[in-house]
Amino acid sequence: MSKIQVLPPHVADLIAAGEVVERPGSVVKELMENSIDAGATVLTVEIKNGGMTYIRVTDNGCGMSSEDAQTAFLRHATSKLKNERGLEAISTLGFRGEALAAIASVSRVTLKTREKDSPEGTEVRLEAGEITDVSPSGCAYGTTMIVENLFYNTPARLKFMKNDRAEGLAVTGAVLKEALSHPEVSVRYIRDGKEECHTAGDGRPASCLYTLFGNDVFSGMLPAETDMDGVKVSGFVSSPGSARGNRTHQFFFVNNRYVKSKTLQAALEQAYKNSLFTGRYPACVLYITIPPGEVDVNVHPAKTEVRFLREKAVFDGVYYAALAALDRQHDRGELSLPEEKPPVMKGRVSVPSGGFKTVSAESYRSGGGMRPVSVERGFFRRPAVRDHSVPYTVTPKMPKTTEPEPEEEQASFLPEAPKWRIIGEALKTYIIVEVQDGIVLIDKHAAHERMIFDRLKAAGDRPMTQILLAPVIFPLSPEDMDVLTENAGFFRELGFEAEEFSSGRAAVREAPEDVDAADIPETVTEICEKLRSGKTADAATRRDEALHTIACKAAIKAGKRSETPEMQVIVESVMRDEVRYCPHGRPVAMDITKAQIDKGFKRI
Ligand code: ADP
Ligand code: MG
C-alpha cells in the first residue's frame, strides 16, 4: 500500500514556502533528514567536488515501495503529513513534501530503495525532474539517493555556486549539524574519497561532540542540564576560557532539529553576561526537548527558524542550564581567568521571580536535580589550572561550518584593545559608538542600506537569488501588472522571476537573496511604481533606482530594536570607512568629538 500522498492544495497552501535547494549543502541536509525520518540508524554521506558533481546518501531506514519511490518526487508528496491538523505538532524533520521534487528538478537523480520485508527493490532514475527509468533492483534494504551534476540544467544557478572547497565546507557544516542533532544515528561522511568522520551512533551527545570536534574543543565544554516547567535541556556549554570570537559554534537543537533562534542565543549569552569579555561568545551544543505542539517549525522555508509557544519557559531552561554549568565549574575552582576575574559568579543565585519553578535555589546552586545523567562527569574534568594567556587554538577534526570565521581563535584569549566600542542603540534608530577621541552616531538603516546597495551593484549582472519553491503571490494593480510584464527582463536582471499569476495577482518565483519573502510584494510594487513614474530615465538610473528599493527593503528598519550582532556588522563596515553616505546621499554617520563635548560642558 502506498504511504506517500500528495497534500491537498489547502494544506500545501498553509506551508511556509520558499527555497530548499540552494546549494549542495542544502541537498545533503534534506537527504539526511529524509533518512533520519525513515528511521535510519546508519547513514553514509559521500560527496565529490563539494557535492557539485556527486552526492550520495545511503541509509538503512524503512525504504520505499516501487510505487512510493516514484510518487516521492511529486511536489507536496509526503508520508509525514496528511491534513492541516498535522501541522500543529510536527515530529518529523520533513513535512512539506517538496525537497525531493526540488532536488530532482535541478539534477540527475538515482534512487535505489527496498523495504525490509520486500524480496525486491526498485531503482528510479530522473533527469531534470522527469522519471527516465524504473527498474527492479537487488539492492540492500533501506534507501540510496544519488544526486549528480547539481544545477546542470539551470546555468544561471550554477554560475552562483562558490568553488568546490567552499561548497564542500557548507556540506560539512550540514553533515555536522545533522550528526549532532541525532547522536543515536551513526553518520559516516566521505569527501572526495576520504573519510572525514564517523560518529558512533551510541546516542551520547558527548561521543558525537568528541568525534566531530576533537579533544581540544571537547575538553573546554561543560555538561549542562535542566528539566523545568516542561522544558528539558541537556548538552554542553563552553567554559568561559573556551569562548570564541563569533557564534558559529552555538548549536541549538529543538526536539532534535537544528534551529537558529534569537531567544535561545540570548538565553545562553545572558548566562555568560558576567564571565565573558565583549566580543567573545560562548559555544554550545544544547538539546531542548518540549512537546511538539509547543514549537512551530512551519515558520520559515528552511525549517531552521522556529516559534515557541512558551518562549519564557524555553529561555529560562537554557539560561539556567548554562548558569548552573558555569556555577558548578566555578565551585570546583576550575575557572581561573588571568587578572580579571569574572565578577559575581561565586554563590550567585539570581532567580527572577516566577522564572524558576521546579528546583529550589539551594539545590540549584549546588547543581542538585540538574546533574547530567547521560554523561559520566569525571570524563569531562579539565585540568585544574589552565593558562588562558596561551593562545588557545582549536583543531577540530572536521573543518568548520558554513560561515567563515574571520580571525577566529588566532588571537590570544585576551582581545587586543578595541579601537571602538558599541555603547548601544538610541531611539531605535542610531547606534552609539565610542571611539578614541569621541562618539560616532550611526544611522543604522541608512548604513545597512548602503552596504546592501554596494553589494548589489558589485554583483554586476545579477545578484545572488533564492528560488522560491512555492511562488509568493500578491495583488497588483492593472497598471503595475502591465509594467511588470513589459519589464520582465529588467526584473530578471534584478533577480526577480515574476509574472502575472491570475487576474490582479502577481507571482514571484525567484528573488534576490537579501529580500525576505515577506517583503517581496512591497518591493516589486514599489519598483513598478518607480518604473511608471520614471519612464524617461536612462537604463542605468532606472536600475540604480530599483537597487535602492531593494536595498531599502532589505535593510534593517529604524524604529525596530536591533540585536548586537547586527549592529556589530554595520559598525565594522562604517568604521572601516567603507560606508559613509546612504544611496540617497545622506550621511550614515555623525562624529561628535570629545573636544565638542568638553566644550559643551565648559571643561575647555
Ligand atoms: P518530506 O520529507 O517533507 O515528506 P520529501 O520530498 O523530502 O518530503 O520526501 C518525500 C517522501 O519520500 C517522504 O515523505 C518519504 O515518504 C519518502 N522518502 C524520502 N526519502 C526517504 C528515505 N531515505 N527513506 C524512506 N522514504 C523516503
Ligand atoms: Mg524531506
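Would you take a moment to explain the pairing of strand β20 (residues 438–443) for this structure?
For a regular strand, the rule is simple: side chains alternate between the two faces of the sheet. Pairing analysis gives six bridges linking strand β19 (residues 430–435) to β20, with the strands arranged antiparallel. Its bridge partner being in β20, glutamate 434 is matched across the sheet by isoleucine 439. Counting the residues that bridge the hairpin from β19 to β20 gives two residues. Examined bridge by bridge, β20 and strand β24 (residues 589–593) share five bridges and lie antiparallel to one another. Bridge pairing links leucine 441 to methionine 590 in β24.

Help me understand the packing of aromatic side chains, please; the structure alone is not making it clear to me.
For any pair of aromatic rings, the description rests on two quantities: the centre-to-centre distance and the angle between the ring planes. Summed over all chains, the structure comprises ten aromatic pairs. Among the aromatic residues, ring-to-ring pairing joins Phe213, Phe251, Phe253, Tyr258 and Tyr287 into one connected group. Seen from the ring of tyrosine 152, arginine 108 lies directly overhead, with NZ or CZ sitting 4.0 Å from the centre. Its guanidinium or amino end placed over the ring of phenylalanine 490, arginine 542 lies 5.5 Å from that ring's centre, counting from NZ or CZ.

Which parts of the structure should I look at to understand helix α6 (residues 164–181)?
It helps to recall that an α-helix has 3.6 residues per turn; residues three or four apart then point in one direction. Here α6 contains 18 residues, and its C-alpha end-to-end distance of 25 Å stays within 8% of the 26 Å for a straight helix at 1.5 Å per residue. Burial of α6 is extensive: 15 of the 18 residues sit out of reach of the surface.

I'm lost on the confidence of the model for the protein in this one. Help?
Interpretation of the predicted coordinates at a detailed level should be avoided for regions scoring low in pLDDT. Averaged over every residue, the pLDDT of the protein is 80; residues scoring 70 or more account for 81%. Counted against residues more than four places away or in other chains, residues 333–417, with its pLDDT under 50, gives 161 contacts.

Teacher, can you tell me more about a negative patch on the surface here?
A surface patch of like charges, here negative, comprises Glu479, Asp482, Glu486 and Glu500. Here the negative patch gets three residues from one element, more than from any other, and that element is helix α12 (residues 478–486). With respect to the secondary-structure elements, glutamate 500 resides in strand β22 (residues 497–502). A relative accessible area of 42% places glutamate 500 in the partly exposed class.

When you look at the nonpolar core in this model, what are you seeing that I'm missing?
For soluble globular proteins, nonpolar side chains are generally found buried alongside one another. Ranked by internal contacts, the top residues of the largest apolar core, which has 56 residues, are Leu31 and Leu180. A per-element tally of this core places helix α7 (residues 205–219) first, with seven residues. Residue contributions to this core reach at least three from each of two domains, namely domain 1 (9–201) and domain 2 (214–331). Discounting chain neighbours no more than four positions away, the residues touching leucine 180 are Cys208, Leu209, Leu212, Phe213, Phe251, Phe253, Val285 and Tyr287. Counting residues in hydrophobic clusters, the runner-up holds 40 residues, among them Val259, Ala267, Leu286 and Tyr319.

Explain the site of ligand 1 to me, please; I cannot follow it from the model alone.
Around ligand 1 sit 20 residues in total, of which Asn34, Thr78, Ser79, Lys80 and Gly97 are the nearest. Contact between ligand 1 and lysine 80: an oxygen atom at 2.6 Å from a side-chain N or O atom of the residue. Summarising the interface, the protein chains cover 95% of the accessible area of ligand 1, which totals 540 Å² for the free molecule. Elements represented by at least two residues in the shell around ligand 1 include exactly α2 (24–37), β4 (77–78) and α4 (99–105). Its residues placed into classes, the shell around ligand 1 shows eight nonpolar, eight polar and four charged.

Each value, and the rule that gives it
Residues numbered from 1 in each chain as written. Chains lettered and ligands numbered in written order. Predicted model: local features only at pLDDT ≥ 70, side-chain atom pairs only at ≥ 80, totals over all residues. Heavy atoms only, no water. Pairing = 2+ DSSP bridges. Helix = DSSP H or I, 4+ residues; strand = E, 2+ residues; numbered from the N terminus. Phe/Tyr/Trp six-rings, centres within 6.5 Å; stacked < 30°, edge-to-face > 60°. Lys NZ or Arg CZ within 6 Å of the ring centre and 35° of its normal. Expected span 1.5 Å × (residues − 1). Buried < 20%, exposed > 50% of the residue type's maximum accessible area, 1.4 Å probe, protein only. pLDDT = per-residue confidence, 0-100. Contact = heavy atoms within 4.5 Å. Patch = residues over 30% accessible without salt bridge, like charges linked within 9 Å, V, L, I, M, F, W, Y side chains within 5 Å. Areas by Shrake-Rupley, 256 points an atom, 1.4 Å probe, with all protein chains shown as cover. Salt bridge = Lys/Arg side-chain N within 4 Å of Asp/Glu carboxyl O. Lys, Arg positive; Asp, Glu negative; His and termini not counted. Charge placed at Lys NZ, Arg CZ, Asp CG, Glu CD. Core = buried A, V, L, I, M, F, W, Y, C linked by side-chain atoms within 4.5 Å. Domains from an automatic or database assignment. Near = heavy atom within 4 Å. Polar contact = N/O pair within 3.5 Å; in protein donor to acceptor, adjacent residues only side chain to side chain. Nonpolar A, V, L, I, M, F, W, Y, C, P; charged D, E, K, R; others polar.

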